[in-house]
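Architecture and fold: a report
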Amino acid sequence: MRKISYSLLLACCLLTFAGFAQKQSKGWISLFDGKTLTDWKVGENAGTFTVDSGMIIVHGNTAHLFYNGNVQNHDFKNFDFKAEVMTRPGSNSGIYFHTAYQESGWPSKGYEVQVNNTHTDWRRTGGLYAVQDVKEQLVKDNVWFTEEIIVRGKKVTVKVNGKTTVEYTEPDNVQRPNDMKGRVLSSGTFALQGHDPNSKVYFKNIQVKILE
């Protein structure tokens, strides 16, 4: 057995600890391993979601892919979430938060942040769907952009490529229409939307930072 000098061992330990501390100080946790849909769960039309080259590819019949992993036991309240997204022309998708797994249908719990640059639906990328919408096209199809969702208490902030598109504070005892009863802040998981067979959307580098 070779002898390893104490000073060399100590230096290696310090470098490892420094790297770990730096990584931890940033606070970002990956929710997608870039290779599989491990830690994610989908009900009907599961074939809408595939993985290739570090991306989740969304293309097929209406379906929703829910984060179901161990981070926060997939139950998030205050957080900073971000993902890189790319749309093909005419495509529609969305990112849900404070939601819960459903086998089928549009998620009834939580909010949706819109992903849509040129689909016929006028609600564009960066809006809080049907609550505080964005009408302007902010980013282009076929180009990667970053979509970020920050929730602290009753406040929701949405950013696209670092530009704030939504700052919404949910009123106390907020009242919603019957078809939106679950669209309130509580806690829950994240979900990616497969909107329709003519839509093709890509997601990668899906991360979350837990906030107090």
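The present account deals with the structure reproduced in this document.

Reading the values: rules and limits
- Residues numbered from 1 in each chain as written.
- Predicted model: local features only at pLDDT ≥ 70, side-chain atom pairs only at ≥ 80, totals over all residues.
- Heavy atoms only, no water.
- Core = buried A, V, L, I, M, F, W, Y, C linked by side-chain atoms within 4.5 Å.
- Buried < 20%, exposed > 50% of the residue type's maximum accessible area, 1.4 Å probe, protein only.
- Contact = heavy atoms within 4.5 Å.
- Phe/Tyr/Trp six-rings, centres within 6.5 Å; stacked < 30°, edge-to-face > 60°.
- Helix = DSSP H or I, 4+ residues; strand = E, 2+ residues; numbered from the N terminus.
- Lys NZ or Arg CZ within 6 Å of the ring centre and 35° of its normal.
- Pairing = 2+ DSSP bridges.
- Axes fitted to C-alpha atoms, helices over the stretch in contact; angles between N-to-C directions.
- 1 Å grid on protein atoms, 1.4 Å probe; cavity = no way out; pocket = protein on both sides within 12 Å on 5 of 7 lines; lining within 4 Å.
- Points joined across faces, edges and corners; volume = space filled by probe spheres on them.
- Nonpolar A, V, L, I, M, F, W, Y, C, P; charged D, E, K, R; others polar.
- Lys, Arg positive; Asp, Glu negative; His and termini not counted.
- Salt bridge = Lys/Arg side-chain N within 4 Å of Asp/Glu carboxyl O.

What follows concerns the nonpolar core. The tendency in soluble globular proteins is for nonpolar side chains to be buried as a group. Ranked by internal contacts, the top residues of the largest apolar core, which has 38 residues, are L31, F97 and I206. Those residues in contact with L31 that sit more than four places away from it in its chain are W40, Y67, V71, F76, F81, F190, I206, Q207 and V208.

Okay, the packing of aromatic side chains next. For the structure on display, the rule yields ten aromatic pairs. On the numbers, 5.4 Å between centres and 70° between planes, the contact of F66 with Y101 is edge-to-face. Of this pair, F66 sits in strand β5 (residues 63-67) while Y101 sits in the loop between β7 (92-99) and β8 (111-116), and the two are 35 residues apart along the sequence. Residue Y101 is classed as partly exposed on the basis of its relative accessible area, which comes to 30%. Taken together, a centroid distance of 6.1 Å and an interplanar angle of 50° make the contact between Y67 and F76 tilted. F76 shares its class with Y67; the two are buried. Three or more aromatic residues joined by ring pairs make a cluster, and in this case those are W40, Y67, F76, F79, F81, F97, Y111, Y168 and F190. One Lys or Arg, K82, reaches over the ring of W28 and ends 4.1 Å from the middle of that ring. The residue whose ring lies beneath K135 is W122, and the NZ or CZ to ring-centre distance is 5.8 Å.

Turning to the side chain of T165, a few remarks are in order. Along the chain, T165 falls in strand β11 (residues 163-169). Apart from the residues within four sequence positions on either side, T165 is in contact with G126, Q132, V134, L138, V158, K159 and V160.

Strand order in this open sheet of five strands is β2-β5-β12-β7-β8, and the pairing throughout is antiparallel. Two strands lie at the open edges of the sheet, namely β2 (40-42) and β8, each paired on one side alone. Taking the axes of each pair of neighbouring strands and ignoring which way they run, one obtains an average angle of 20° across the sheet. Direction of pairing for β7 relative to strand β12 (residues 189-194): antiparallel, over a ladder of three bridges.

What follows concerns the layout of surface pockets. Approximately 270 Å³ is the volume found for the largest pocket. Taken together, 20 residues form the lining of the largest pocket, with Y96, W106, E112, Y129 and R183 sitting closest to its centre. Of the residues in the lining of the largest pocket, the class split is six nonpolar, eight polar and six charged.

Our focus in this paragraph is the side chain of E147. In this fold, E147 is placed in strand β9 (residues 145-152). At 12 Å, R124 is the nearest oppositely charged side chain to E147, a buried residue that forms no salt bridge.

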